[in-house]
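A structural walkthrough
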Amino acid sequence: MRAKNKSRFMHAATMLVIAWSTTDATAQLTDQTQTPNAANAGIAKSYAEQIGTGRGDSFSPGSSSFITKRDPFRSVRRGRQLFQRKFTVAQGSGPRTGDGIGDIESDGSIGAGMADSCASCHGRPRGAAGFGGDVFTRPDSRDAPHLFGLGLQEMLADEITKDLRAIREGAVADAQASGVPETRDLTSKGITYGSLTAHPDGAVDTSNVEGVNADLRVRPFFAEGTTISMREFIVGALNAEMGLEAADPDLLAASSGTDVVTPSGMVLSGSADAIEAPPASSQADDPDGDGVVNEIPTAIVDHMEFYLLNYFKPGRYELTDKARKGRRVFRRIGCTQCHVSNLLIENDRRVADVTTEFDPGEPGFNRLFATASTRFDEVDDGSGFATLKVPQGSTFLVVDIFTDFKRHDLGPNFHEVNFDGSSTTHFMTEPLWGVGSTAPYGHDGRSINLMEVILRHGGEAQASRDRFEELSAVHRGRLLQFLNSLVLFPPDDTASNLNPGDPTTPGFPQRGHGSINLGALFNDPTEGE
């Protein structure tokens, strides 16, 4: 390695060590400026300091654009602490939709409940953007899913959408040129989404499209597959679950038909898709009438979106010989027809990746070890500021995600009654990464363990379910052991190449166990978040 390149590599590694280490080790955090304490526990910055100078641009120090582009790991850490922040009434927390009163048949968010932190619903394992909440947005309720790997899911769904739509446009062009109908199979990343037929007049027959809407947009978020982007998810959840209203300009423009690129690189295709509008139409708007306006400034959404884009993917626990054999059983009985293991991203927008695996020699908690690596290039733009950190945009193989980004009918045991009496029958294939850590199961949390949720399957999965039931106890056990190797982890308590921990620390492993907290890249290490 040449000295210059080696120097850059060491600089990047040092930035990650600073960025991904923190003393904050809880799911929810108060603000030290509001709750001072001798342990210095909580978020060091006030809410106003986290907002900074607004969105700004890459030449505006303190702005979300400046930090995201030049200090990306600082943005990630800030996003994490905003995710964990316990918002106050003075900051706009509450009331919930309609104060919990109104037409719940047309607006299920009325039953969403009231939380003061994102981590109230997404906080398990400890300190993670995980699972754990339950909301009354349907008569049988909904369980809050974990958010590990959320950015990877958004990128995959968006790329699949582009592939399917390119096939459609090609079919229309060919039909117009030939003067006869043209039928095309809809395939992306090895997954089939049925077929369509384009006619010479430009009309498209989508009656044979499978697993997605006729518009060919893959919507990866929520069990029924209704939301396109993390930004919509963030702004919607802040409003529905926390009573915090954002007047987000990106969602406002896209919902009005404009194509917008968010700071995290997601294209909101307002000209082609129905994008969810933000709850507030301007910074002066106060839809919930609580007297607080601009409750969630744009910079806050920017940091939270960037945090979730770069959030860890789930880990892999001990893959014993039985678990390896269980993986083969999983494939043999047909589970991988829907739970596709590996999918390739063509343009990775993240700035870093973390791979977390079982390490039998790890003396700390959980015997897991994480390996972090950067995925950006540094560009000196001559501004005199820190270099721009530009995502490399290279390919990335997403391993063991186990989904096909399609909706399926899994039979009446999974059908969901809505408040208006209608039923939802088709649900997105749940990615299985992390499934060993997330009991109970099902979108409603009604299945107590992996055995029971598999046996709950029917409909399109009936044949695979029956083959599972017919397995011997030994083969069923192997399959379940394999699924239990797909885990989530507490980032504060997982050793890594950034902070491997020190077994000589008094009280180890309770103290000095290492961590992989994705945090801030500090140009000034004396500044805390």
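Placed above this text is the structure.
What comes next is a walk through the structure. Fair warning: this is a prediction, and the values are worked out from it, not measured in the lab. (Residues numbered from 1 in each chain as written. Predicted model: local features only at pLDDT ≥ 70, side-chain atom pairs only at ≥ 80, totals over all residues. Heavy atoms only, no water.)

**Structural notes on the overall build of the protein chain**
Put simply, the test is: Counting from the N terminus, the helices are DSSP H or I runs at least four residues long and the strands are E runs at least two residues long. Only protein chains enter the area calculation, which uses a 1.4 Å probe; residues under 20% of their type maximum are buried, those over 50% are exposed, and those in between are partly exposed. Contacts are residue-level and defined by heavy atoms, with any inter-residue pair within 4.5 Å sufficient. Here the accessible surface of atoms and residues is derived via Shrake-Rupley with a 1.4 Å probe, and residues count as covered only by protein chains that are part of the display.
Along the protein chain, the regular secondary structure elements total twelve helices and 22 strands. The buried share of the protein chain, reckoned over its 529 residues, is 51%. The contacts in the protein chain between residues at least 6 apart in sequence include a share of 68% that link residues at least 24 apart. As displayed, the protein chain offers around 21,700 Å² of accessible surface, 52% of which is attributable to carbon and sulfur atoms.

**Section: the packing of helix H6 (residues 230-242) against helix H8 (residues 298-309)**
Threshold: Lines fitted to C-alpha atoms define the axes here, with helix axes fitted over just the stretch in contact, and angles between the N-to-C directions of these axes take values from 0 to 180 degrees. These descriptions rest on fixed angle ranges, namely under 35 degrees for roughly parallel, over 145 for roughly antiparallel, 65 to 115 for roughly perpendicular, and the rest for oblique. Left-handed describes a crossing in which the near helix is turned anticlockwise from the far one by less than a right angle; the clockwise case is right-handed. Side-chain classes follow a simple rule in which Ala, Val, Leu, Ile, Met, Phe, Trp, Tyr, Cys and Pro form the nonpolar group, Asp, Glu, Lys and Arg form the charged group, and the remainder, Gly included, forms the polar group.
Orientation of H6 relative to H8, taken along the N-to-C sense of each, is 125 degrees, at an axis distance of 10 Å. Between H6 and H8, the crossing angle belongs to the class labelled oblique. Seen along the crossing, H6 lies across H8 with a hand that is right-handed. Taken together, the residues of H8 that come into contact with H6 (itself represented by Met230, Arg231, Ile234, Val235 and Leu238) are Thr298, Val301, Asp302, Met304, Glu305, Leu308 and Leu309. Looking at the contact of H6 with H8, its residues break down into eight nonpolar, one polar and three charged.

**Some details on empty space enclosed by the protein**
Put simply, the rule reads: Within this scheme a cavity is a closed region of a 1 Å grid, computed over the protein atoms alone, that accommodates a 1.4 Å probe without allowing it to escape, whereas a pocket is open but has protein on both sides within 12 Å along at least five of seven lines; lining residues each have an atom within 4 Å of a point. Grid points are joined across faces, edges and corners, and a volume is the space filled by probe spheres set on the points.
On inspection of all chains with the given rule, the structure shows two cavities of 30 Å³ or more. Surrounding the second largest cavity, Glu245, Ala246, Ala247, Ala280, Ser282, Gln283, Asp285, Val292, Val293, Asn294 and Glu295 form its lining. The class makeup of the residues in the lining of the second largest cavity is five nonpolar, three polar and three charged.

**Section: the environment of Glu452**
Positionally, Glu452 belongs in helix H10 (residues 450-455). By relative accessible area, Glu452 is classed as partly exposed at 37%. When the C-alpha positions of Glu452 and Pro440 are compared, they lie 9.7 Å apart, and in sequence the two are twelve residues distant.

**Observations concerning the pattern of salt bridges**
What counts, and what does not: By definition, a salt bridge exists where a carboxyl oxygen of Asp or Glu is found within 4 Å of a side-chain nitrogen of Lys or Arg.
Applying the stated criterion across every chain, the model contains 40 salt bridges. For Lys162, the salt bridge goes to Asp158, with nearest N and O atoms at 3.4 Å. Of this pair, Lys162 and Asp158 both sit in helix H5 (residues 150-178), four residues apart, which is roughly one turn of the helix. As a salt-bridge pair, Arg231 and Asp250 come within 3.5 Å of each other at their nearest N and O atoms. Taken as a pair, Arg231 in helix H6 and Asp250 in helix H7 (residues 249-255) lie far apart in primary sequence, 19 residues in all. There is no split in this pair, since Arg231 and Asp250 are both buried. When salt bridges with common partners are traced through the structure, they connect Arg55, Arg231, Asp248, Asp250, Asp302 and Glu305 into a single cluster.

**A word on the pairing of strand S13 (residues 368-374)**
Using the following cut-off: A pair of strands counts as paired when DSSP detects no fewer than two bridges linking them.
For strand S12 (residues 352-358) and S13, the ladder comprises seven bridges, and the chain directions are antiparallel. Bridge pairing in S13 links Phe358 to Leu368. Note that S13 and strand S22 (residues 495-496) share two bridges and pair parallel. Along S22, the bridge assignment pairs Phe369 with Ala495.

**Things to note about the side chain of Arg138**
Quick reminder of the rule: Polar contact is the term for a pair of N or O atoms within 3.5 Å; when the atoms are in protein, one must be able to donate a hydrogen and the other to accept it, and sequence-neighboring residues count only if both atoms are side-chain atoms.
The topology assignment puts Arg138 in the loop between strand S3 (134-135) and strand S4 (142-143). Side chain to side chain, Arg138 and Glu416 meet in a polar contact 3.4 Å long.

**Brief notes about a negative patch on the surface**
Rule in force here: Patches here are clusters of residues that have more than 30% relative accessible area and form no salt bridge, with a 9 Å joining cutoff for like charges and a 5 Å cutoff for nonpolar side chains (Val, Leu, Ile, Met, Phe, Trp, Tyr). Charge assignment in this entry is limited to Lys and Arg as positive and Asp and Glu as negative, and neither His nor the chain termini are counted. Charge positions come from single atoms, namely NZ of Lys, CZ of Arg, CG of Asp or CD of Glu.
On the surface, Asp103, Glu105, Asp107 and Asp420 cluster together into a negatively charged patch. Within the secondary structure, Asp420 sits in the loop between strand S18 (416-417) and strand S19 (423-424). Asp420 sits in the partly exposed class, given a relative accessible area of 45%.

**Topic: the packing of aromatic side chains**
Just so we agree on the cut-off: Stacked, tilted and edge-to-face are the three classes applied to pairs of Phe, Tyr and Trp rings, where Trp contributes its six-membered ring and a pair requires centres within 6.5 Å; stacked means planes under 30 degrees apart, edge-to-face means over 60, and tilted covers the rest. In our convention, an over-ring charge means Lys NZ or Arg CZ found within 6 Å of a ring centre and within 35 degrees of that ring's normal.
In total, this model carries 15 aromatic pairs according to the counting rule given. Among the aromatic residues, those joined into a ring-pair cluster are Phe83, Phe148, Tyr307, Tyr311, Phe312 and Phe489. Taking NZ or CZ as reference, Arg456 lies 4.3 Å from the ring centre of Phe414, over its face.

**Details of H6**
Structural remark: α-helix, 3.6 residues per turn; residues separated by three or four positions point the same way. Our working rule: Expected helix span is given by 1.5 Å per residue-to-residue step, counting one fewer step than there are residues.
With 13 residues, H6 extends 17 Å between its outermost C-alpha atoms, agreeing within 8% with the 18 Å of an ideal straight helix rising 1.5 Å per residue. Here H6 has its buried residues at Met230, Arg231, Glu232, Phe233, Ile234, Val235, Leu238, Ala240, Glu241 and Met242. On the buried face of H6, the contacting elements are strand S1 (122-124), S3, H5, H7 and H8. Remark: Gly243 follows H6 within two positions and exhibits a positive phi of approximately 70 degrees.

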